[in-house]
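Observations on the model geometry
Below, each chain spelled out in residue letters.
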Amino acid sequence: MAGQSAIPDDPGMDPWPFRHLVLRTPRLELRPDDDAGLLELIEVARKGVHPPEEMPFSLPWTDWPHERMALGALQQRWRSRAAHTAASWDLGFLVRHRGKVIGTQSLVAQDFAELREVSCGCWYGLEHQGQGFGSEAWAAVLAFAFDHLGATHAHATAFVNNAGSRAVSRKLGYQDNGTRRVLQRDKATFQIDQRLTPAEFLRPDWALQVEGLEACRELLGA
């Protein structure tokens, strides 16, 4: 239509170059979220993320009715995208296996250019758990942060009773870095802080493939 132009395919001219960013592992593909992928992710969440007697999240969004949960998930990611700056960013990578979304792996930073620190978090549909996808995707964003962005520290948290998350973090080399009292479903419990450096990172036996990073560097403070 006259007067309209498409978003350029050249990532160097793209106002949102993250649509070209791809991380690949032997089994998985990770891309920053888009609306079509988020709708797939919501369907994964509706099928279950954890047993009902457990709650791995500080904000218990999986307890919400499906309609509120779906809208809340979309709004949270839209807010993160809209607020993105080089000084404050939250990349919500959609994790795909054989072309289908199975979960999400986040990589978050504040003042990255100065602090060189990132935080990580993730969740997967119940049907995709226990197959090593979580540790593979987590290793992917750590390798991306350390080797391609120049991060010097990675941070994560987990409830003291979240044995699965703590097992994966130990597998990657994270070290416990203190505890704090928090609420879990309105009950007091402890959350464990964990930290990791490039030297402590227990690397996988595969090399991460990265595409589309150069056009994103400025927007990541890297």
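This section reports on the structure supplied with the text. Values in this document were obtained by computation on a predicted structure and should not be read as measured data.

What counts and what doesn't
- Along each chain, numbering runs from 1 in the same order as the chain's sequence is written.
- Local features in a predicted model are, by the rule used here, given only for residues with pLDDT of at least 70; side-chain atom pairs are given and counted only at 80 or more, and totals for whole chains, interfaces and linings are based on all residues.
- Water and hydrogen atoms play no part in the side-chain values, which are based on all heavy atoms of the structure.
- Here a strand is any run of E in DSSP of at least two residues, a helix any run of H or I of at least four, and the numbering for each starts at the N terminus.
- Categorising residues by exposure relies on relative accessible area from a 1.4 Å probe, with only protein chains included: less than 20% of the type maximum marks a residue as buried, more than 50% marks it as exposed, and the intermediate range marks it as partly exposed.
- Two residues form a contact once any of their heavy atoms are found within 4.5 Å.
- Any two rings among Phe, Tyr and Trp, with Trp reduced to its six-membered ring, count as a pair given centres within 6.5 Å; such a pair is stacked if its planes are under 30 degrees apart, edge-to-face if over 60, and tilted if neither.
- Remark: nonpolar core denotes a set of buried residues (Ala, Val, Leu, Ile, Met, Phe, Trp, Tyr, Cys) joined through side-chain atoms within 4.5 Å.
- When a carboxyl oxygen of Asp or Glu lies within 4 Å of a side-chain nitrogen of Lys or Arg, that pair is called a salt bridge.

The next point concerns the overall build of the protein. The secondary structure content of the protein amounts to six helices and nine strands. Across the 222 residues of the protein, 44% fall into the buried class. Sequence-distant contacts in the protein: of pairs separated by 6 or more residues, those separated by 24 or more amount to 65%.

This brings us to the side chain of Arg 166. Structurally, Arg 166 is set in helix 5 (residues 163-172). Of the residues examined, Arg 166 reaches a relative accessible area of 18% and is grouped as buried.

With that settled, consider the environment of Ala 145. Assignment of secondary structure puts Ala 145 in helix 4 (residues 133-149). Taking the C-alpha atoms as reference points, Ala 145 and Val 118, 27 residues apart in sequence, are found 7.4 Å from one another. Non-local contacts of Ala 145, meaning those with residues more than four positions away in its chain, are made with Leu 107, Val 118, Gly 150 and Ala 151.

Quick look at the side chain of Asp 193 now. Tracing the chain through its elements places Asp 193 in strand 8 (residues 187-196). With residues near it in sequence (within four places) discarded, Asp 193 still touches His 155, Ala 156, Thr 157, Gln 175, Asp 176, Asn 177, Gly 178 and Arg 180.

Our focus in this paragraph is the packing of aromatic side chains. Summed over the entire model, instances satisfying the criterion amount to five aromatic pairs. Judged by centre distance (6.2 Å) and plane angle (85°), the rings of Phe 93 and Phe 144 are edge-to-face. Pair noted here: Phe 93 is in strand 3 (residues 88-97) and Phe 144 is in helix 4, with a separation of 51 residues, a long-range link. Here Phe 93 and Phe 144 have matching classes, each one buried.

A separate point is the nonpolar core. Core analysis: the biggest nonpolar cluster contains 40 residues, and Leu 107 and Leu 142 have the highest contact counts within it. Breaking this core down by element, the ones donating at least two residues are strand 2 (28-32), strand 3, strand 4 (100-110), strand 5 (117-124), helix 4 and strand 6 (153-159). Within the second largest apolar cluster, 13 residues are counted, among which are Leu 41, Val 44, Val 49 and Val 101.

Time to look at the pattern of salt bridges. Throughout the structure, instances matching the rule amount to 15 salt bridges. For Arg 27, the salt bridge identified is with Glu 136, shortest N-O distance 2.8 Å. Taken as a pair, Arg 27 in the loop between strand 1 (22-24) and strand 2 and Glu 136 in helix 4 lie far apart in primary sequence, 109 residues in all. Owing to a relative accessible area of 35%, Arg 27 belongs among the partly exposed residues under this scheme.

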